[in-house]
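Okay, here's what each chain looks like letter by letter:
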Amino acid sequence: MNTLATYDEAIERTLYTAEDIARAIGRLAAEIARDHAGQPLLLLGVLKGALYVAVDLARAIARVPGGPSEIFVDYVCASSYGNATRSSGEVRILKDTSMPVAGQNVVIVEDIVDNGLTLQYLQALLRGRNPAHLRSCVLFNKPYHRLVDVPIEYVGLRSPDEFVVGYGLDYQELFRNLPYLAQLRAQVFSQEG
Ligand code: PRP
């Protein structure tokens, strides 16, 4: 665990402000609302990272006139990184869906897609449950180290090829509650023991 005293000391730079993120979510909401006009929609956030984006997206979709007839929000909790800075590739489901997926128009909501293994695993898992439609939405796309080709219908912002934190993304469970996306200072990692 690092010993930098405050969040401010640990942050190298802001990559996307809270306003940038809100605008991106507004764009994603408009696209999702248009594709589900007059139909029920099940937003499925992938915890923990998507805890903010799923909520903000659900609210933004509800504000779009002529959008879905009903909006359901559910979560799965999946982990592939543990406390490491690189994905292990081994996805563990820590909490499954609580709503039935069969026959639903499902949009998986991810905070970030990096090597793509987590999303690929979830898409296969959910496809096996026979949804009417299965689509995926990612707020921060990090396409530089993809190991698998996963379809993503809704893409918000491009993440730089850095370890990023904030707006749900963590480093050793810290920084999720930053309202913006940030790059950490190198000293944070150099204090890893
Ligand atoms: C992060 C993120 C995605 C996944 C993306 O989750 O929220 O689910 O990694 O990585 P990938 O495309 O390389 O598979 P993480 O396992 O860190 O768990 P968390 O959401 O609880 O932080």
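Structure: see above.
Residues numbered from 1 in each chain as written. Predicted model: local features only at pLDDT ≥ 70, side-chain atom pairs only at ≥ 80, totals over all residues. Heavy atoms only, no water.

1. Thoughts on the pairing of strand β2 (residues 40–47)
The element β2 is extensively covered by neighbouring structure, given that 6 of its 8 residues are classed as buried. Pairing between β2 and strand β3 (residues 70–79): 8 bridges, direction parallel. The residue of β3 that forms the bridge with G45 is Y75. For the segment spanning β2, helix α3 (residues 51–62) and β3, crossover handedness is right-handed. Note that β2 and strand β5 (residues 105–113) share 4 bridges and pair parallel. Paired with L43 across the bridge in β5 is V107. (Buried < 20%, exposed > 50% of the residue type's maximum accessible area, 1.4 Å probe, protein only. Helix = DSSP H or I, 4+ residues; strand = E, 2+ residues; numbered from the N terminus. Pairing = 2+ DSSP bridges. Right-handed = clockwise from strand over helix to strand, strands pointing away.)

2. Notes on the site of the ligand
Lining the immediate environment of the ligand, one finds 19 residues, of which S80, E110, D111, D114 and T118 sit closest. One of the backbone N or O atoms of K48 is found 3.0 Å from an oxygen atom in the ligand. A distance of 2.9 Å separates an oxygen atom of the ligand from a polar side-chain atom of N115. Surface burial for the ligand is 94%, taken as the share of its 500 Å² of free accessible area covered by protein chains. Of all the secondary-structure elements, those providing two or more residues to the shell around the ligand are β3, β5 and α4 (117–127). The biggest single contributor to the shell around the ligand is β5, with 4 residues. (Near = heavy atom within 4 Å. Polar contact = N/O pair within 3.5 Å; in protein donor to acceptor, adjacent residues only side chain to side chain. Areas by Shrake-Rupley, 256 points an atom, 1.4 Å probe, with all protein chains shown as cover.)

3. Some points on the pattern of salt bridges
Per the counting criterion, the structure on display carries 8 salt bridges. The salt bridge involving D74 is made with K95; its shortest N-O contact spans 4.0 Å. Of this pair, D74 sits in strand β3 while K95 sits in strand β4 (residues 92–95), and the two are 21 residues apart along the sequence. The closest approach of N and O atoms between D170 and R176, which form a salt bridge, is 3.5 Å. Here D170 falls in the buried class, since its relative accessible area comes to 18%. Taking the relative accessible area as the measure of exposure, R176 reaches 14% and is therefore buried. Taken together, the shared-partner salt bridges in this structure form one network comprising K48, D170, E173 and R176. (Salt bridge = Lys/Arg side-chain N within 4 Å of Asp/Glu carboxyl O.)

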